[in-house]
Amino acid sequence: MSSTFKFRIELDGSHPTISREFLVPSDFTFYKLHHAVQIVMGWENYHLYEFSIDSYRIGQQYEEDGFNGPNEIIDSKTIKIGDVLKSKGQKLDYLYDFGDYWQHSLTLERIIEDLTIPFPVCCSGNLNCPPEDVGGLPGFYDFLKIMNKPKHPEYKELKKWVQSKLVAVDNKYDPMKFYSERVNFILLHLDMYIMDWENESKQ
């Protein structure tokens, strides 16, 4: 019988901490958990990703070297989160974008046995997500400094650049704002989101 997992996710190295708390069914695959994380965080979902816990590496099977050792990556579509996570307080790492290297910490805060939910729900969040392809945390904090200096020579260019990003709302990027209603609307249609993502990936 499926239960519900409550996770807290934090973007490692962010100060103040960029974080979210959300609920997902325990019978979700890691593939579905990846998409849910993309939505709750605010990423644009076009880079590689990987979960890791103990000796497990779970994600996209991009490695084709024939290696079948203990650190071989497991296809995220074939393993459910409830098969790996068994107790409150367990942690796993989630890496997104192997270039900008966005490392996240996921903590299983609660296992709710008497609750079944049909789709993920984001309970709370703190701060906006960095813009995609900003250059990792160093690039992100450099970007914020420039955005606070309208006379900076790169200000106009970066202001225009960030307007095209998912994290910008009404052509404005507010690093202090978390848009929970928008996040939960997309989570409500998670299956459609995944279908659209898969169709775009084939093009």
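Residues numbered from 1 in each chain as written. Predicted model: local features only at pLDDT ≥ 70, side-chain atom pairs only at ≥ 80, totals over all residues. Heavy atoms only, no water.

**Observations concerning the packing of aromatic side chains**
Phase 1: Tallied over the full model, the rule gives twelve aromatic pairs.
Phase 2: Taking 5.1 Å as the distance between ring centres and 50° as the angle between the ring planes, the aromatic pair formed by F140 and Y141 counts as tilted.
Phase 3: Given the relative accessible area of 3%, F140 is considered buried.
Phase 4: Members of the aromatic cluster, joined through ring pairs, are F30, Y49, F51 and Y94.
Phase 5: The ring centre of Y31 lies 4.8 Å from the NZ or CZ of K77, which sits over that ring. (Phe/Tyr/Trp six-rings, centres within 6.5 Å; stacked < 30°, edge-to-face > 60°. Buried < 20%, exposed > 50% of the residue type's maximum accessible area, 1.4 Å probe, protein only. Lys NZ or Arg CZ within 6 Å of the ring centre and 35° of its normal.)

**Some points on the sheet that holds strand β2 (residues 19-25)**
Backbone hydrogen bonds hold the strands of a sheet together, and the pairing may be parallel or antiparallel.
Phase 1: With mixed pairing, the eight strands of this open sheet are ordered in space as β5-β4-β3-β6-β7-β1-β2-β8. Two strands bound the open sheet, and with one partner strand each, they are β5 (73-75) and β8 (121-126). Within this sheet the neighbouring strands show an average axis-to-axis angle of 25°, counted without direction.
Phase 2: As paired elements, strand β1 (residues 4-11) and strand β7 (residues 102-112) share eight bridges and run antiparallel to each other. The residue of β7 that forms the bridge with F5 is I111.
Phase 3: Where helix α1 (residues 30-41) meets the sheet, it contacts β1, β2, β3 (49-53), β4 (56-59), β6 (91-96), β7 and β8, and its direction lies at approximately 145° from that of β2. (Pairing = 2+ DSSP bridges. Helix = DSSP H or I, 4+ residues; strand = E, 2+ residues; numbered from the N terminus. Axes fitted to C-alpha atoms, helices over the stretch in contact; angles between N-to-C directions. Contact = heavy atoms within 4.5 Å.)

**A short note on unusual backbone geometry**
Phase 1: The omega angle of the peptide bond from H15 to P16 is -5°, so this bond is cis rather than trans.
Phase 2: Structurally, the position occupied by P16 is in the loop between β1 and β2.
Phase 3: Its identity as a non-glycine residue notwithstanding, N45 has a phi of 65°, on the positive side.
Phase 4: With respect to the helices, strands and loops of the structure, N45 is situated in the loop between α1 and β3.
Phase 5: For N45, a relative accessible area of 3% corresponds to the buried category.

**Details of the pattern of salt bridges**
Phase 1: Taken as a whole and judged by the stated rule, the model has six salt bridges.
Phase 2: For E10, the salt bridge goes to R8, with nearest N and O atoms at 2.7 Å.
Phase 3: Classification of R8 as partly exposed rests on a relative accessible area of 23%.
Phase 4: Of the charged contacts in the structure, one is a salt bridge between E21 and R8, with a shortest N-O distance of 3.3 Å. (Salt bridge = Lys/Arg side-chain N within 4 Å of Asp/Glu carboxyl O.)

**Considering the layout of surface pockets**
Phase 1: Reported here for the largest pocket is a volume of approximately 480 Å³.
Phase 2: Along the wall of the largest pocket there are 27 residues; nearest its centre are W43, E44, N45, L166 and Y193.
Phase 3: Counting only elements with at least two residues in the lining of the largest pocket, the list comes to α1, α5 (180-188) and α6 (190-202).
Phase 4: The leading source of residues in the lining of the largest pocket is α6, at five residues.
Phase 5: Residue composition of the lining of the largest pocket, by class: 14 nonpolar, seven polar and six charged.
Phase 6: Estimated volume of the second largest pocket: approximately 190 Å³.
Phase 7: As for the second largest pocket, its lining consists of F143, L144, M147, N148, Y155, K159, V162, Q163, N171, K172, Y173 and P175. (1 Å grid on protein atoms, 1.4 Å probe; cavity = no way out; pocket = protein on both sides within 12 Å on 5 of 7 lines; lining within 4 Å. Points joined across faces, edges and corners; volume = space filled by probe spheres on them. Nonpolar A, V, L, I, M, F, W, Y, C, P; charged D, E, K, R; others polar.)

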